[in-house]
Amino acid sequence: MNSPDSILSEDLSGILDAPLCWETLYGRHILITGASGFIGGHVVEALVWLNRRQPQANVHVYALARDLEKLRQRMPWVDIPGEVTPLIQDVTQPCGLAAPLDFIIHAASPASPRDYLQRPVDTICANTDGSRALLELARDKQARFLFLSSGAVYGDNPWQTDAIAEGDFGREDPLAPRACYGESKRLAETLCRAYYTQYGVDTRIARISHCYGPGMRLDDGRAISDLLADVLQNRDIQLDSDGSASRPFCYVSDTVLGLFHILFRGASGHAYNLGETKETTILELAEMMINSAGKAGELNVRLNALSGPPPALRSSGHFNIDKIRALGWAPIISLDVGLPRLLQANV
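The structure reproduced in this document is the subject of the present report. (Residues numbered from 1 in each chain as written. Predicted model: local features only at pLDDT ≥ 70, side-chain atom pairs only at ≥ 80, totals over all residues. Heavy atoms only, no water.)

## With respect to the overall build of the chain
Which entries qualify depends on this criterion: In this text, helices come from DSSP runs of H or I with a minimum length of four residues, and strands from runs of E with a minimum of two, each type numbered from the N-terminal end. Each radius of gyration reported is based on C-alpha atoms, and the globular scaling rule is 2.2 Å times the count of residues to the power 0.38. His is not counted here, nor are the chain ends, while Lys and Arg score as positive and Asp and Glu score as negative. Lys charges are placed at NZ, Arg charges at CZ, Asp charges at CG and Glu charges at CD.
Across its full length, the chain holds twelve helices and 15 strands. Taken against the 2.2 N^0.38 rule, which gives 20 Å for 347 residues, the C-alpha radius of gyration of the chain at 19 Å falls within 12% of a compact globule. Expressed along its principal axes, the backbone C-alpha trace of the chain runs to roughly 55 × 45 × 35 Å. Across the chain, 32 positive and 41 negative side-chain charges occur, with their mean positions spaced 4 Å apart.

Put into structure tokens, the structure is as follows:
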């Protein structure tokens, strides 16, 4: 049996060492969509690690993805099929799984700007048609449903609120290039609430902020991925801006642990902000990446005029996480700890 690398095994063990009632999952059947993606894949890996560490858990893990080979490449240390049952299909199609289901974690959606700007229709369909199909499945199976949403649902930030709470919604131009992502996430959230109200489906929503860590694609178009690719290739970093835009970067194992807090302790029909509260500018991030790689003095950061699509409207601000703090979650791994782990996992 293969093993994950040392960074991933430490991250997964850190998740499972948290004082949550993991026995809730024992013997249960769990479907994860977007299983070959960044966050969805980490959820699958955490469940596989739970079964390995605690064989009595006997969690039945179903991983929905569109490509079996990509699923295997995403988690090469996992036995597929075996430890995980693959379901190879598009998320918008009805799932014909005959087995019982206790939990559905819906993480399938193009999430990087590069993907959803090129595939706006696919993005809308994954978040709306896909969510509707899975909510019907949850209704039929009487399963608890956790939807992975995004801070994009808040739109812009006209009041320049520093700590954005679950009710602080701004505007969104429905014809803007990025609207395919934020607006479809909004509608998916509304579907979750509607299925809870009308049919009693136990739905919960995680609004995820900027997430990074091992398992990220280097070509997904996000700032931290681009910076990582530059440093790994020993290229000077070219920022298409003045680098002043700030983001709150949350390490992936913290994010996944937050998902389990919502799954176990959250309230039905509710949404929870899930992210880091400390903001870092893109310029600071670039310099930290270079220093973490031990390449200070070798690589430089160069600032250029903006080219390509403009950044998202919300160029600053972080989540107010008081609501999820009440469930017992808070981010643990700071950026100065997480970046070296990211780099080490990609060497």
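## Looking at the layout of surface pockets
Any empty space left between the atoms is revealed when a probe the size of a water molecule rolls over them. The cut-off we apply is this: A 1.4 Å probe that fits into a set of points on a 1 Å grid over the protein atoms alone but cannot get out defines a cavity; an open set with protein on both sides within 12 Å along at least five of seven lines defines a pocket, and lining residues are those with an atom within 4 Å of a point. Grid points are joined across faces, edges and corners, and a volume is the space filled by probe spheres set on the points. Put simply, Ala, Val, Leu, Ile, Met, Phe, Trp, Tyr, Cys and Pro go in the nonpolar bin, Asp, Glu, Lys and Arg in the charged bin, and everything else, Gly too, in the polar bin.
By volume, the second largest pocket amounts to about 330 Å³. Taken together, 17 residues line the second largest pocket, and the ones lying closest to its centre are Asp5, Arg74, Pro214, Gly215 and Ala345. Counting only elements with at least two residues in the lining of the second largest pocket, the list comes to α2 (38-53), α3 (68-74) and α12 (335-346). Within the lining of the second largest pocket, the residues separate by chemical class into eight nonpolar, five polar and four charged.

## Brief notes about the packing of helix α1 (residues 6-16) against α12
The axes of two packed helices give the description: the angle between them and the distance between them. To be explicit about the condition: Structural elements are reduced to axes, namely lines fitted to C-alpha atoms, with helices fitted over the stretch in contact, and the angle between N-to-C directions of any two is expressed from 0 to 180 degrees. Any angle from 65 to 115 degrees is called roughly perpendicular, while one under 35 is roughly parallel, one over 145 is roughly antiparallel, and all others are oblique. Note on contacts: a residue pair is in contact if any heavy atoms of the two residues lie within 4.5 Å.
In the contact formed by α1 and α12, the axes pass within 9 Å of each other and the chain directions differ by 135°. The angle between α1 and α12 places the two elements in the oblique class. Side by side, α1 and α12 meet where Ser6, Ile7, Glu10 and Asp11 of the first sit next to Arg341, Gln344 and Ala345 of the second. Looking at the contact of α1 with α12 residue by residue, the class counts come to two nonpolar, two polar and three charged.

## Section: the packing of α1 against α2
One can describe the packing of α1 onto α2 by two numbers: an axis separation of 10 Å at closest approach and a directional angle of 75°. In terms of axis orientation, α1 runs roughly perpendicular to α2. In this structure, α1 uses Leu8, Ser9, Leu12, Ser13 and Leu16 to contact α2, whose residues at the interface are His42, Glu45, Ala46, Trp49, Leu50 and Arg53. Of the residues in the contact of α1 with α2, the class split is six nonpolar, three polar and two charged.

## So, unusual backbone geometry
Counted only if it meets this: Summary of the burial criterion: residues with accessible area below 20% of their type's maximum are buried, those above 50% are exposed, and those between are partly exposed, where the area comes from a 1.4 Å probe applied to protein chains only.
With omega at -10°, the peptide bond leading from Ile80 into Pro81 counts as cis. Mapped onto the elements of the fold, Pro81 is located in the loop between α3 and β3 (85-88). The backbone phi angle of Gln142 is positive, close to 55°, even though this residue is not glycine. Backbone geometry at Asn234 places phi at a positive 60°, although glycine is not the residue there. Positionally, Asn234 belongs in the loop between α8 (223-232) and β9 (237-239). In this structure Asn234 comes out as partly exposed when scored by relative accessible area, which is 47%.

## A few points about the environment of Ser109
Where we set the bar: Between N or O atoms, a polar contact is any pair within 3.5 Å; within protein, one atom must be a potential hydrogen donor and the other a potential acceptor, and residues adjacent in sequence are included only when both atoms are from side chains.
Mapped onto the secondary structure, Ser109 falls in the loop between β4 (103-106) and α4 (113-118). With near-sequence residues (within four places) excluded, Ser109 lies in contact with Thr123, Ala126, Asn127, Tyr181 and Lys185. Reaching out from Ser109, the side chain makes a polar contact with the side chain of Asn127 at a distance of 3.3 Å.

## Examining the packing of aromatic side chains
What characterises a pair of aromatic rings is the spacing of the ring centres plus the angle enclosed by the ring planes. Going by this rule: Centres within 6.5 Å make a pair out of two Phe, Tyr or Trp rings, where for Trp the six-membered ring is used; the pair is then stacked when the planes are under 30 degrees apart, edge-to-face when over 60, and tilted otherwise.
For the structure on display, the rule yields nine aromatic pairs. For the pair Trp22 and Phe264, a centre-to-centre distance of 5.6 Å together with 85° between the ring planes defines the contact as edge-to-face. Of this pair, Trp22 sits in the loop between α1 and β1 (29-33) while Phe264 sits in helix α9 (residues 252-265), and the two are 242 residues apart along the sequence. Taking the relative accessible area as the measure of exposure, Trp22 reaches 5% and is therefore buried.

## A look at the environment of Ser244
If you trace the backbone, Ser244 turns up in the loop between β9 and β10 (246-247). Taking relative accessible area as the criterion, Ser244 reaches 48% and is therefore assigned partly exposed. Once the C-alpha coordinates of Ser244 and Glu284 are considered, the two residues, 40 residues apart in sequence, prove to be 8.6 Å apart.

## Considerations on the nonpolar core
Here is a general trend for soluble globular proteins: nonpolar side chains tend to be buried in one another's company. Convention followed: Throughout, nonpolar core names a set of buried Ala, Val, Leu, Ile, Met, Phe, Trp, Tyr and Cys residues whose side chains join them through atoms within 4.5 Å.
By size, the foremost hydrophobic cluster in this structure holds 80 residues, and its most contacted members are Trp22, Leu25, Val44, Tyr212, Leu259 and Phe260. Broken down by element, this core gets its largest block of residues, nine residues, from α2. When near neighbours in sequence (up to four residues on either side) are disregarded, Leu259 contacts Ile39, Val43, Leu146, Leu148, Ala206, Ile208 and Leu274. Within the second largest apolar cluster, 26 residues are counted, among which are Tyr62, Leu135, Phe145 and Ile205.

Any functional reading would require information that these geometric values do not contain.
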